[in-house]
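Notes for the structure review
Single-letter residue listing:
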Amino acid sequence: MTSHLKKVELHCHLEGAAPPALTAAQARKYGVDISAELRDGAYVWHDFASFLECYDKVSEVYKTEEDYALLTETYLDELAGIDTIYSELIVSPDHGKRIGLGADAYISGICEGIRRAKEKSGIEARLIVTGERHFGPESVIGAAEYAAKAGNPLITGFNLAGEERMGRVADYARAFDIARDAGLGLTIHAGEVCGAFSVADALDAVRPSRIGHGVRAVKDPDLVKRLADLGTVLEICPGSNIALGVFPDFTSHPLRRLKDAGVRVTISSDDPPFFHTSLKREYELAAGTFGFSNAEIDAMTRTAIEAAFVDDETRMTLLARL
Ligand SMILES: Nc1ncnc2[nH]cnc12
Ligand SMILES: [Zn+2]
């Protein structure tokens, strides 16, 4: 039973958290045919590439500032309802640009959603701007420049997501230099679809304080030791990994092995309705399937707060609430 535990989420893509019912309503509102991507209340995809296509298509039915405010508020309300005290949302200004809304209005709608949710429940949230590999290196640099110049106190991190098989981390290093110089926290999707080499790439080219997933590092014991020695925090999303076939089942999932090897691990939901999961379920899996005690789960939540991209005062407040 984890329902009474305080929760923190470091890794959730905002559009990836869109409830299917809300997406269906949005599609109806705009007369968009989404029947190929959303059927019988579930998102339709069959592998990583088609998941990304489905994700991009779903994003296109969120078109206005208010649509984004509603989406953000809806997800944060859900998190607050399960005792989540802090959430980092991965957002992509490129999506705002692609639908013609523009990056500023996209971010402003999301910030309004954060404000509304916080007013109701006190949930704290921050934004991690992400570049998408499959939109190309130039667009990733553009996303970093946007995040660096935005001067928005809720934008506190920079990420690299999308098609991991496109390019190597070094191809995107310049974007991370821009984000680092702006004082943003750094995290990179690596070791999810590609192997351990991708995690080593991230450490060699950028050395972020956190890595999204990183789970395939488990194949390389020296790399696991390097992660433990560096104190790199892994944002692990077991339900996502199983849904995408990164591991065949929870028994072979390396969450426990990585933790036992001294790696700092945390748990998140990634794109919950796409993967038939939720942060609530991820906490339940940690307890039931992975066999972690409540004290061990609390320790992972504490690690997440320690690694959160927030100022020290907010961190102290969150630690006190845990
Ligand atoms: N799991 C994931 N990996 C890479 N990019 C993503 N974008 C949304 N979800 C993602
Ligand atoms: Zn992700």
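Parameters and conventions
- Residue numbers here run from 1 along each chain, matching the order of that chain's written sequence.
- Whichever chain is written first is A, and whichever ligand is written first is 1; the rest continue in order.
- Owing to the predicted nature of the model, reporting of local features is limited to residues with pLDDT of at least 70; listing and counting of side-chain atom pairs is limited to 80 or more, with chain, interface and lining totals taken over all residues.
- Values shown for side chains rest on all heavy atoms present in the structure; no hydrogens or waters enter the calculation.
- pLDDT is defined as a per-residue confidence score from the predictor, taking values between 0 and 100.
- Throughout, near means a residue has at least one heavy atom within 4 Å of the molecule or strand.
- As used in this structure description, the phrase polar contact means that two N or O atoms lie within 3.5 Å; if the pair is within protein, one of them must be able to donate a hydrogen and the other to accept it, and residues adjacent in sequence are counted only when both atoms belong to side chains.
- Note on definitions: the grid is 1 Å and covers protein atoms alone; a cavity is a set of points where a 1.4 Å probe fits but cannot get out; a pocket is an open set with protein on both sides within 12 Å along at least five of seven lines; lining residues have an atom within 4 Å of a point.
- Think of it this way: a molecule belongs to a cavity or pocket when more than half its atoms come within 2 Å of the grid points there.
- Each helix corresponds to a stretch of at least 4 residues labelled H or I by DSSP, and each strand to a stretch of at least 2 residues labelled E; elements are numbered beginning at the N terminus.
- Classification used: nonpolar for Ala, Val, Leu, Ile, Met, Phe, Trp, Tyr, Cys and Pro, charged for Asp, Glu, Lys and Arg, polar for all others including Gly.
- Each metal's donors comprise the N, O and S atoms found within 2.8 Å of it (within 3.2 Å for Na, K or Ca). Water is not part of the atom list, so some coordination spheres may appear incomplete.
- In short, tetrahedral needs four donors with all angles between 85 and 135 degrees, square planar needs four and octahedral six donors with opposite donors over 155 degrees apart and all other angles between 65 and 115, and whatever is left is irregular.
- With a 1.4 Å probe rolled over the protein chains alone, any residue whose accessible area is under 20% of its type maximum counts as buried; one over 50% counts as exposed, and the rest are partly exposed.
- Here, expected helix span is obtained from the residue count minus one, scaled by 1.5 Å.
- UniProt positions are given in the numbering used here, feature names are shortened, and annotations may be inferred rather than shown by experiment.
- Here, residues are in contact when the closest pair of their heavy atoms is within 4.5 Å.

1. Here's the deal with the confidence of the model for the chain
The pLDDT averaged across the chain works out to 97; a share of 100% of its residues lies at or above 70. Reported for the predicted complex are a pTM of 0.98 and an ipTM of 0.98.

2. Digging into the site of ligand 1
Neighbouring ligand 1 are His13, Phe48, Phe51, Leu52, Tyr55, Ala161, Gly162, His189, Glu192, His213, Asp270 and Asp271. Measuring from a nitrogen atom of ligand 1, one finds a side-chain N or O atom of Asp270 at 2.7 Å. Applying the majority rule of atoms within 2 Å of the grid points places ligand 1 in the largest cavity. Among the elements that take part in the shell around ligand 1, helix α2 (residues 48-59) stands out by supplying four residues, more than any other. Here the shell around ligand 1 is built from residues that sort into five nonpolar, four polar and three charged.

3. Side note on the coordination of the zinc ion (ligand 2)
Within the first shell, the zinc ion (ligand 2) binds the protein through His11 (NE2), His13 (NE2), His189 (NE2) and Asp270 (OD), at distances of 2.0 to 2.3 Å. Taken together, the four donor atoms coordinating the zinc ion (ligand 2) span angles of 84 to 168 degrees at the metal, a pattern that classifies the geometry as irregular. In the primary sequence, the donor residues of the zinc ion (ligand 2) line up as H-x1-H-x175-H-x80-D. Judged by its relative accessible area of 0%, His11 is buried. The exposure class of His13 is buried, given its relative accessible area of 7%.

4. Description of helix α3 (residues 65-81)
With 17 residues, α3 extends 24 Å from end C-alpha to end C-alpha; this agrees with the ideal 24 Å at 1.5 Å per step. Residues of α3 that are buried include every one of Asp67, Tyr68, Ala69, Leu71, Thr72, Glu73, Tyr75, Leu76 and Leu79, and no others.

5. Focus: the UniProt feature "binding site: Zn(2+)" (unreviewed entry) in the chain
When the UniProt feature table is mapped to this numbering, "binding site: Zn(2+)" (unreviewed entry) covers His11, His13, His189 and Asp270. Taken together, the annotated residues stretch across 260 residues yet fold into one region, lying no more than 11.8 Å apart by C-alpha. Of the annotated residues named above, the ones that line the largest cavity are His13, His189 and Asp270. Inspection of the secondary structure assignment puts His189 in strand β7 (residues 185-190). A relative accessible area of 6% means that His189 is categorised as buried. Only 3.1 Å separates the side chain of His189 from the side chain of His11, close enough to count as a polar contact. Mapped onto the elements, Asp270 comes out in the loop between β10 (264-267) and α12 (279-288). According to the relative accessible area criterion, Asp270 is buried, its value standing at 2%. Discounting residues that sit within four places of it in the chain, Asp270 has contacts with Glu9, His11, Cys12, His13, His189, Glu192, His213, Cys237, Ser240 and Phe275.

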